[in-house]
Amino acid sequence: MKRVAIIGGTGDQGLGLALRFAQANVPVIIGSRDETKANIAVEQVQESFPQADIKGMDNNAAVENGEIILLSVPYKYMADTIKSIKSELTPDKIVVSLCVPLANAVGGRPTQVVSPWEGSAAEQAAAMVPKGVPLVGAFHNVCAARLLDIENTVDNDVVVCSDDKDARQEVMALADKIDGVRGLNGGNLCNCRIVESMTALIIGMNIRYKLPKGMGVRFTYLY
Ligand SMILES: NC(=O)c1ccc[n+]([C@@H]2O[C@H](COP(=O)([O-])OP(=O)(O)OC[C@H]3O[C@@H](n4cnc5c(N)ncnc54)[C@H](OP(=O)(O)O)[C@@H]3O)[C@@H](O)[C@H]2O)c1
């Protein structure tokens, strides 16, 4: 099984995914700008899953040792983070963008998105990674609080988009490992424009329906 490295794995979304992958016996590296912080997050995961195959590393070592690299930092820091790990990104790795370009990154509202020139945060990331590195967009519409709540199963579909069909399939299979999650084929990377926007919609609905842990997304009549 490929090792997942989560850049920004100390944050809510990254730690939530680390817990769920650990639960599913997927090998994980938690990446951070600060190795000590990464190791604290590892201990948090091990408290719930002592047998987990999980390590903490600084972001560069995490990319070097990981095979599926999840970019789990706020959109505001996405470009700088990609620049800082670029030298370790090789075409044998898959990069997965979770980043949602919420307008609060530029002083706006978290219920709206800004539109990067490339069309979406994922397409912007694709333009920044070295040539030949497959870029996938996924895990945008699953709330961190649901991932972190390990007493309960996650009830969510994860739309996976990429121009690289093999990478897309791999990440769909990875999403499927999380109990209660279905990885769905979202087609080409440009569809992240829609999927990323859906997160802003969900954030607004969470406020209106007073759902602190957030709502999930399900596509019906599929199978
Ligand atoms: N939270 C959600 O429910 C949710 C849902 C869907 C998608 N997402 C997406 O997932 C990504 C992560 O969200 P999050 O809520 O986990 O974010 P977060 O907790 O605010 O931050 C994640 C990590 O980013 C790193 N970071 C913080 N400031 C940084 C900086 N100046 N430069 C570089 N790295 C920095 C930190 O890691 P270190 O300090 O350890 O380096 C931090 O733990 C975002 O792009 C978000 O849009 C989140």
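Each remark here, short or long, concerns the structure printed above.
Each value, and the rule that gives it
- Residues numbered from 1 in each chain as written.
- Predicted model: local features only at pLDDT ≥ 70, side-chain atom pairs only at ≥ 80, totals over all residues.
- Heavy atoms only, no water.
- Buried < 20%, exposed > 50% of the residue type's maximum accessible area, 1.4 Å probe, protein only.
- Helix = DSSP H or I, 4+ residues; strand = E, 2+ residues; numbered from the N terminus.
- Right-handed = clockwise from strand over helix to strand, strands pointing away.
- Pairing = 2+ DSSP bridges.
- Phe/Tyr/Trp six-rings, centres within 6.5 Å; stacked < 30°, edge-to-face > 60°.
- Expected span 1.5 Å × (residues − 1).
- Arc of directions from axis to C-beta.
- Contact = heavy atoms within 4.5 Å.
- Polar contact = N/O pair within 3.5 Å; in protein donor to acceptor, adjacent residues only side chain to side chain.
- Axes fitted to C-alpha atoms, helices over the stretch in contact; angles between N-to-C directions.
- Core = buried A, V, L, I, M, F, W, Y, C linked by side-chain atoms within 4.5 Å.

(A) Spatial organisation of the pairing of strand E5 (residues 94–97). The two faces of E5 match: Ile94 and Val96 on one face and Val95 and Ser97 on the other face are all buried. Note on the crossover from strand E4 (residues 68–71) through helix H4 (residues 78–85) to E5: the handedness is right-handed. The pairing of E5 with strand E6 (residues 135–137) spans three bridges and is parallel. Pairing of Val95 across the sheet is with Leu135, part of E6. Viewed along the sheet, the connection from E5 through helix H5 (residues 121–128) into E6 turns out right-handed.

(B) Seen up close, the packing of aromatic side chains. Overall, the coordinates contain one aromatic pair when judged by the stated rule. Arranged with centres 6.1 Å apart and planes meeting at 80 degrees, the rings of Phe21 and Phe139 form a pair that is edge-to-face. With a gap of 118 residues between them, Phe21 in helix H1 (residues 12–23) and Phe139 in the loop between E6 and helix H6 (144–148) connect regions that are remote in the sequence. Note on Phe139: relative accessible area 2%, which makes it buried.

(C) Representation of helix H2 (residues 35–48) within the structure. The terminal C-alpha atoms of H2 lie 21 Å apart, and with 14 residues this matches the ideal 20 Å at 1.5 Å per residue to within 8%. Of all the residues in H2, the buried ones are Ala38, Ala41, Val42 and Val45. For H2, the arc enclosing every buried residue in end-on projection is 105 degrees, short of the 170-degree limit, so these residues lie on one face. In H2, the exposed residues that point more than 90 degrees away from the buried face are Thr36 and Glu47. Those residues of H2 that are buried lie in contact with H1, strand E2 (28–32) and strand E3 (54–58). The N-cap residue of H2 is Asp34: its side-chain oxygen and the backbone nitrogen of Thr36 are 2.9 Å apart.

(D) Structural view of the sheet that holds E5. The eight strands are arranged E3-E2-E1-E4-E5-E6-E7-E8 in an open sheet whose pairing can be described as mixed. In this open sheet, the two strands that pair with only one neighbour each are E3 and strand E8 (181–185). Averaged over neighbouring strand pairs, the angle between their axes works out to 25 degrees when direction is ignored. Across four bridges, E4 lies against E5 in parallel orientation. Bridge pairing in E5 links Leu71 to Ser97.

(E) The arrangement of the nonpolar core in detail. Counting residues in hydrophobic clusters, the biggest one holds 39 residues, and the most contacted among them are Leu17, Phe21, Ile30, Val45, Leu70, Val96 and Phe139. Of all elements in the fold, only strand E1 (4–7), H1, E2, H2, E4, E5, strand E7 (156–162) and helix H7 (165–176) reach the threshold of two or more residues within this core. For this core, the element with the highest residue contribution is H1, accounting for six residues. Ignoring anything within four residues of it in the chain, the contact list for Val96 reads Ile68, Ile69, Leu70, Leu71, Val136, Ala138, Phe139 and Val171. Core analysis: the next-biggest nonpolar cluster, separate from the first, contains 29 residues, Ile69, Ile85, Ala105 and Met128 among them.

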